Amino acid sequence: MSTPAPGPSVLFVCVHNAGRSQMAAAFLTHLAGDKVEVRSAGSAPADTVNAAVVEAMKEVGIDISAETPKVLTVEAVQASDMVITMGCGDTCPVFPGKRYLDWQLDDPAGQGVASVRPIRDEIERRIRGLLRELDG
């Protein structure tokens, strides 16, 4: 007996996979549970997730301190139904049948928690909108 196919899969991409894409993936995982398969990656991943991003997410009850930046692979794109880039001009391999979105967002790199909060809140707003769209 085969298991039912999972829901949609979404890949979030930014250059370092240390800020915006980590926050987006964490919000979608937190809000959608196992209804959506979530991935994040970067073309030039950092060594660690941005500490101010970890702190800003902790403020809203989401712990991403154990996450590590991952390198963007062709396989990750192929395995995803939707690819969302984070306004960083990342070049993503393009495959037919995928939906591509680009969210223009400020880069939290080098910013303190106070500057990361509005970016976090905008990402959460967009994730909630994306979930309504996926549910609809």
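These numbers were taken from a predicted model, which means no experiment stands behind them.

Undergrad: Quick question: what am I supposed to make of the pairing of strand β1 (residues 9-13) here?
TA: Within a regular strand, side chains alternate between the sheet's two faces. Counting buried residues in β1 gives five out of five residues, a clear majority hidden from the surface. Every second residue of β1 is oriented toward a common face, with Ser 9, Leu 11 and Val 13 on one face and Val 10 and Phe 12 on the other, all of them buried. Bridge count between β1 and strand β2 (residues 37-41): five bridges; the pairing is parallel. Paired with Val 10 across the strands is Val 38, a residue of β2. You can see the chain leave β1, run along helix α1 (residues 20-32) and come back into β2, and the turn it takes is right-handed. Alignment of β1 against strand β3 (residues 82-85), held across four bridges, turns out to be parallel. Bridge pairing in β3 places Phe 12 opposite Ile 84.

Undergrad: Hey, could you run me through the sheet that holds β3 in this one?
TA: The strands that make up a sheet pair up through hydrogen bonds in the backbone, lying either parallel or antiparallel. On the basis of which strands lie adjacent, the open sheet formed by four strands has the order β2-β1-β3-β4 and parallel pairing. Looking at strand neighbours, the two that pair on one side only are β2 and β4 (99-102), the edges of this open sheet. Each strand of the sheet is rotated relative to its neighbour by a mean of 20°, with strand direction disregarded. Bridge count for β3 against β4 is four bridges, and the pairing is parallel. Residue pairing across strands places Val 83 opposite Tyr 100, the latter belonging to β4. Packed on one face of the sheet, α1 meets β1 and β2 and runs near 170° to β2.

Undergrad: Hey, could you run me through the pattern of salt bridges in this one?
TA: For side chains bearing opposite charge, pairing can occur when the charged atoms are close. Under the criterion given, the structure shown has ten salt bridges. In this structure, Arg 20 and Asp 107 form a salt bridge, with 3.7 Å as the shortest nitrogen-oxygen distance. Of this pair, Arg 20 sits in helix α1 while Asp 107 sits in the loop between β4 and α4 (113-135), and the two are 87 residues apart along the sequence. One salt bridge connects Glu 124 with Arg 128, and the closest N-O pair in it is separated by 3.0 Å. In this pair, Glu 124 and Arg 128 both sit in helix α4, four residues apart, roughly one turn of the helix. Its relative accessible area of 39% is what places Arg 128 among the partly exposed residues. Connected through salt bridges with shared partners, the residues Glu 59, Arg 117, Arg 120 and Asp 121 form a single ionic network.

Undergrad: So what exactly am I meant to see when it comes to the nonpolar core here?
TA: Within soluble globular proteins, side chains that are nonpolar tend to cluster in buried spots. The biggest cluster of nonpolar side chains holds 30 residues, and the ones touching the most others in it are Phe 12 and Leu 28. Those elements giving two or more residues to this core turn out to be β1, α1, α2 (51-59), β3 and α4. Per-element tally for this core: the top contributor is α1, with seven residues.

Here is what the cut-offs are and how they apply
- Residues numbered from 1 in each chain as written.
- Predicted model: local features only at pLDDT ≥ 70, side-chain atom pairs only at ≥ 80, totals over all residues.
- Heavy atoms only, no water.
- Buried < 20%, exposed > 50% of the residue type's maximum accessible area, 1.4 Å probe, protein only.
- Helix = DSSP H or I, 4+ residues; strand = E, 2+ residues; numbered from the N terminus.
- Pairing = 2+ DSSP bridges.
- Right-handed = clockwise from strand over helix to strand, strands pointing away.
- Axes fitted to C-alpha atoms, helices over the stretch in contact; angles between N-to-C directions.
- Contact = heavy atoms within 4.5 Å.
- Salt bridge = Lys/Arg side-chain N within 4 Å of Asp/Glu carboxyl O.
- Core = buried A, V, L, I, M, F, W, Y, C linked by side-chain atoms within 4.5 Å.

None of the figures reported here should be taken as evidence of function without further support.
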